[in-house]
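The primary structure of each chain is shown beneath.
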Amino acid sequence: MNESRAAIRYAKAILNQAVQNKVTEAVEKDMRSVVQTISDSKELQELLASPVINGEMKKNALLAVFSGSNSISEGLISLLVNNKRVSLLKDVAEKFIILYEELKGQDIALVTTAVPLTSELEAKLLKQLTTITGNKVTIKNNIDESIIGGFVLRVGDLQYDASIANKLNGLKREFTNSL
């Protein structure tokens, strides 16, 4: 199964459970903490990816790091460890945040560019996206120098690829097909 699809399934299940128990904001806070902590800690990333460290040790370490979290968040950690999917923890947390934003009537636009967006360009983009989607939009800018220039915009299930790398690949396909 695709890792991203698995992460979305776990995130949907956790969101449903949080909504039923009326603790969505607490779980969202925990998920933001999970994303931030794992992103900031190289050691934690290595712990999650390590095939040598057994699941129970990973579970104990994660529960210690995220002690004081909501029981649903702690249950997610246990569930991922038991299903041998603990390496998905950060992805699940990111997907949960996106799903929760959508539930609140907000969208997250992932904009991939070769260089960071300027504040002026970000404001223009934000205005256009708000008009198009009809929802409040938050922009998350990812930097990927391999796209050479332009941008790749993803909002929900929609993706618009205006990158130089994509245009070059299109030209390459045209030349290859015409030979």
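Further up the page is the structure itself.
To keep things clear, this report deals only with the structure shown in the data block. (Residues numbered from 1 in each chain as written. Predicted model: local features only at pLDDT ≥ 70, side-chain atom pairs only at ≥ 80, totals over all residues. Heavy atoms only, no water.)

### Quick look at the pattern of salt bridges
Opposite charge on two side chains lets them pair, provided their charged atoms get close. Scanning the entire structure with this criterion turns up 5 salt bridges. Measuring nitrogen to oxygen at the nearest pair gives 2.9 Å for the salt bridge that ties Glu28 to Arg32. Taken together, the residues Glu28 and Arg32, both in helix 2 (residues 24-40) and 4 residues apart, mark about one turn of the helix. Classification of Glu28 as buried rests on a relative accessible area of 11%. The partly exposed category is assigned to Arg32, whose relative accessible area is 40%. The partner of Arg32 in a salt bridge is Glu101, and the shortest N-O contact between them spans 2.6 Å. A residue pair is termed long-range when its members are at least 10 positions apart, and Arg32 in helix 2 and Glu101 in helix 6 (residues 89-103) qualify at 69 residues. Through salt bridges with shared partners, one network takes in Glu28, Arg32, Glu101 and Lys104. (Salt bridge = Lys/Arg side-chain N within 4 Å of Asp/Glu carboxyl O. Helix = DSSP H or I, 4+ residues; strand = E, 2+ residues; numbered from the N terminus. Buried < 20%, exposed > 50% of the residue type's maximum accessible area, 1.4 Å probe, protein only.)

### Section: unusual backbone geometry
With a phi close to 55°, Lys22 is a non-glycine residue in the positive phi region. With respect to the element layout, Lys22 can be found in the loop between helix 1 (3-20) and helix 2. Positioned with a positive phi, Ile148 is a non-glycine residue whose angle comes to about 70°. As for its position among the elements, Ile148 is in the loop between strand 2 (136-143) and strand 3 (151-155). With relative accessibility at 52%, the residue Ile148 sits in the exposed group.

### Regarding the packing of helix 2 against helix 6
How two helices pack is summed up by the angle between their axes together with the distance between the axes. Taken N-terminus to C-terminus, the directions of helix 2 and helix 6 make an angle of 140°; their axes are 9 Å apart at the nearest point. With respect to each other, helix 2 and helix 6 are oriented oblique. As for how helix 2 packs across helix 6, the hand of that crossing is left-handed. Where helix 2 approaches helix 6, its residues Thr24, Glu25, Val27, Glu28, Met31, Arg32, Val34, Val35, Ile38 and Ser39 are matched on the opposing element by Leu89, Lys90, Ala93, Glu94, Phe96, Ile97, Tyr100 and Glu101. (Axes fitted to C-alpha atoms, helices over the stretch in contact; angles between N-to-C directions. Parallel < 35°, antiparallel > 145°, perpendicular 65-115°, else oblique. Left-handed = near helix turned anticlockwise from the far one by under 90°. Contact = heavy atoms within 4.5 Å.)

### Notes on helix 6
In this model, helix 6 (15 residues) spans 21 Å end to end at C-alpha, consistent with the 21 Å of a helix rising 1.5 Å per residue. Those residues of helix 6 not exposed but buried are Leu89, Val92, Ala93, Phe96, Ile97, Leu99, Tyr100 and Glu101. Among the residues trailing helix 6, Gly105 stands out with phi positive, at a value near 85°. (Expected span 1.5 Å × (residues − 1).)

### Some points on the pairing of strand 4 (residues 158-161)
With 4 bridges joining them, strand 3 and strand 4 adopt antiparallel strand pairing. From the neighbouring strand, Val152 faces strand 4, where its bridge partner is Asp161. The turn joining strand 3 and strand 4, which pair antiparallel and follow one another in sequence, is formed by 2 residues; a positive phi near 60° is taken by Gly156. (Pairing = 2+ DSSP bridges.)

### Digging into the side chain of Ser69
Counting through the fold element by element, Ser69 comes out in the loop between helix 4 (55-65) and helix 5 (71-82). Owing to a relative accessible area of 18%, Ser69 belongs among the buried residues under this scheme. In this structure the side chain of Ser69 is engaged in a polar contact, spanning 2.6 Å, whose partner is the backbone oxygen of Phe66. Apart from residues no more than four positions distant in its own chain, Ser69 is found in contact with Asp30 and Glu74. (Polar contact = N/O pair within 3.5 Å; in protein donor to acceptor, adjacent residues only side chain to side chain.)

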